[in-house]
Amino acid sequence: MSVAKKLTAGLFAATAAAAVVTAAPAAAQPIGSADLWQPLAPIPSLDVARYGGTWYQLAAVPQPFNLDCARDTRATYGVLDASNVSVNNTCTTWSGGTNGIVGNARVNDPVTNAQLHVSFPSVPFQNSPDGPTNYVVTYLADDYSWAFVGDPARVSGFVLSRTPAVSAEGWQQIRSVVESRGYNSCLVLTSPTTGGRSDIAPLCTV
């Protein structure tokens, strides 16, 4: 697989291999109000058009396929129609280059619009636009300034923000939300961003 393809779901659900590596630890510490026996719950309603645009990854459950990303991991979404959103993932590599991959996100839950199947045409086993939900918007700020997304089994988890930096109080809110969704915040690592944090640290220490 090429370096670009390794970025695949850098902001989305994990492959089967990633599930083997991370599924058990991610749910090992039941924190907050989430029922870990139930799939990750979506928000009640997502305005897909308002959700479009660029998001910065501030923190994430590490995934094997985005190890080449050193900083500035971003996703840009664009509405194609009532059920489909274009996906453009990019990041800066350790060598200073740029990785990128383009895919599609299809709404699987027309009631909330907050559960989608993300696919990438060039990636084996993730190349069909139709499939099970692997992207759940489980928290979204009222002003759409930041979001927390994962997959039903909590194998993946990503903190997304409209800006590359947040305040200390903002980080505390992020940690609280992540834990309330049943994630172990010590297994969610910060993602370096230009203008924001430059370190990689467990969210539980932030």
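Residues numbered from 1 in each chain as written. Predicted model: local features only at pLDDT ≥ 70, side-chain atom pairs only at ≥ 80, totals over all residues. Heavy atoms only, no water.

Caption draft 1: Quick look at empty space enclosed by the protein. Using the criterion set out here, one finds one cavity of 30 Å³ or more in the structure. Approximately 70 Å³ is the volume found for the largest cavity. Considering the residues around the largest cavity, the lining is formed by ten residues, among which Y51, V85, A105, L116 and Y135 are closest to the centre. Those elements that provide at least two residues to the lining of the largest cavity are α3 (48-51) and β5 (115-119). Across the lining of the largest cavity, the residue classes break down as ten nonpolar, no polar and no charged. (1 Å grid on protein atoms, 1.4 Å probe; cavity = no way out; pocket = protein on both sides within 12 Å on 5 of 7 lines; lining within 4 Å. Points joined across faces, edges and corners; volume = space filled by probe spheres on them. Helix = DSSP H or I, 4+ residues; strand = E, 2+ residues; numbered from the N terminus. Nonpolar A, V, L, I, M, F, W, Y, C, P; charged D, E, K, R; others polar.)

Caption draft 2: The arrangement of the state of the cysteines in detail. Counted according to the given criterion, the structure contains two disulfides. The partner cysteine of C69 in its disulfide is C91, sulfur to sulfur 2.1 Å. Taking the torsion about the sulfur-sulfur bond, which here is approximately -75 degrees, the covalent link between C69 and C91 counts as left-handed. Placement of C69 in strand β2 (residues 69-79) and of C91 in strand β3 (residues 84-93) is noted, with a sequence separation of 22 residues between them. Note on cysteine connectivity: C186 is disulfide-linked to C204, with sulfurs 2.2 Å apart. Taking the sign of the S-S torsion, about 110 degrees here, the bridge from C186 to C204 comes out right-handed. Here the residue C186 occupies a position in the loop between α4 (168-180) and β9 (189-190), and C204 occupies one in the segment after β9, the gap between them amounting to 18 residues. Residue C186 is classed as partly exposed on the basis of its relative accessible area of 36%. (Disulfide = S-S within 2.5 Å. Buried < 20%, exposed > 50% of the residue type's maximum accessible area, 1.4 Å probe, protein only.)

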